Amino acid sequence: MRYHYLVMEREYGSGGTQISERLSQELGIPCYGRQILETVANKYHVPIEQLDHYEEKATNSFLYSVYLMSRMDTGQANLASAETSIYLEEQKVIHDYAAAGPGIFIGHCAAQAFKDRKDVLRVFIHAEHDFRIKRAISEYGIPQTEAERVLKKFDKKRANYYKANTSVEWKEFNEYDLILNSGKMGIDGCVELLKKWME
């Protein structure tokens, strides 16, 4: 393969997860998204909902992340001591999965785990607002009256978490190799294009 890893950030409702899972099937390589958080939750025997809460409360704490990383390397950091430590554990899990071979990684600031590698395709999936609202209702079962609020909530959560732990804006498009509009290209179109790039 041209690239061994694909890392993806995506707007809520843009179909990024579906694209990644379809691409995983087409290429025959694993896709990691929610599994990253589940692995951290299992390691520390805490409900995954608690980790979701920590992610949601992330603040601009990049320097503290650096400090915590040094403590975690010596086994001194406590997972429950700060929301930021969730990010550091996720990075370790991503490294562990990557060591097993090629894969697709969704969210969780995965690009940072691969920042020194050349064999990584960094992708951002977005779409027009109306397209995402329709998908939130039809694909995720979000009530129409709640769709707007849910869209904003998840986009804000992802943007805040990314900025808090990387000091980089989530939609800083210079950080990505490809920016795809799933509303215009369609899910199938995005899958086919990414497959060609990966191969």
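Note that the structure is predicted; figures quoted are calculated from it, not measured. (Residues numbered from 1 in each chain as written. Predicted model: local features only at pLDDT ≥ 70, side-chain atom pairs only at ≥ 80, totals over all residues. Heavy atoms only, no water.)

Trainee: Break down the sheet that holds strand β1 (residues 5–10) for me, with residues and values.
Mentor: Strands sit in the order β2-β3-β1-β4-β5 across an open sheet of five strands; the sheet is parallel. The open sheet has two edge strands, β2 (31–32) and β5 (178–181), and neither has a second partner. Pairing geometry for β1 and strand β4 (residues 120–126), over six bridges, is parallel. Residue pairing for β4: Y5 is matched across the bridge by V120. Sitting on the sheet, helix α1 (residues 16–27) touches β1, β2, β3 (103–106) and β4, and the angle it makes with β1 is about 160 degrees. Along the sheet face, helix α9 (residues 182–198) touches β1, β4 and β5 and points at about 145 degrees away from the line of β5. (Pairing = 2+ DSSP bridges. Helix = DSSP H or I, 4+ residues; strand = E, 2+ residues; numbered from the N terminus. Contact = heavy atoms within 4.5 Å. Axes fitted to C-alpha atoms, helices over the stretch in contact; angles between N-to-C directions.)

Trainee: Quick rundown of the packing of helix α7 (residues 129–138) against helix α8 (residues 144–166)? Include the residues and the values.
Mentor: Contact geometry for α7 and α8: axes closest at 9 Å, N-to-C directions at 115 degrees. Between α7 and α8, the angle falls in the class roughly perpendicular. You can see that α7 and α8 cross each other, and the crossing is right-handed. For the pair α7 and α8, contact is made by H129, R132, I133 and I137 and by Q144, A147, E148, L151 and D155, respectively. Residue classes in the contact of α7 with α8 are distributed as four nonpolar, two polar and three charged. (Parallel < 35°, antiparallel > 145°, perpendicular 65-115°, else oblique. Left-handed = near helix turned anticlockwise from the far one by under 90°. Nonpolar A, V, L, I, M, F, W, Y, C, P; charged D, E, K, R; others polar.)

Trainee: Summarise the pattern of salt bridges; cite the residues concerned and give the values.
Mentor: Side-chain pairs of opposite charge can arise where the charged atoms are in close proximity. In this structure the tally under the stated criterion is 10 salt bridges. Where R132 meets D155, a salt bridge forms, and the shortest distance between an N and an O atom there is 2.7 Å. Residue R132 is found in helix α7, and its partner D155 is found in helix α8; the two are separated by 23 residues along the sequence. For R132, a relative accessible area of 7% puts it in the buried group. Classification of D155 by relative accessible area gives buried; the value is 12%. Linked by salt bridges that have partners in common, E11, R132, D155 and K171 make up one network. (Salt bridge = Lys/Arg side-chain N within 4 Å of Asp/Glu carboxyl O. Buried < 20%, exposed > 50% of the residue type's maximum accessible area, 1.4 Å probe, protein only.)

Trainee: Tell me about the pairing of β3, and please be specific about residues and values.
Mentor: Burial of β3 is two-sided: the residues G103 and F105 facing one way and the residues I104 and I106 facing the other way are all buried. Inspection of the sheet shows β1 paired to β3 by four bridges, in the parallel sense. In the sheet register, M8 faces β3, and the bridge partner there is I106. Bridge count between β2 and β3: two bridges; the pairing is parallel. Among the inter-strand pairings, C31 is bridged to a residue of β3, identified as I104.

Trainee: Break down unusual backbone geometry for me, with residues and values.
Mentor: Phi at H108 takes a positive value of approximately 60 degrees, unusual for a residue other than glycine. Note on placement: H108 falls in the loop between β3 and α6 (110–113). With phi around 65 degrees, S167 is a residue other than glycine that occupies positive phi space. Looking at the secondary structure, you find S167 in the loop between α8 and β5. Judged by its relative accessible area of 40%, S167 falls in the partly exposed class.

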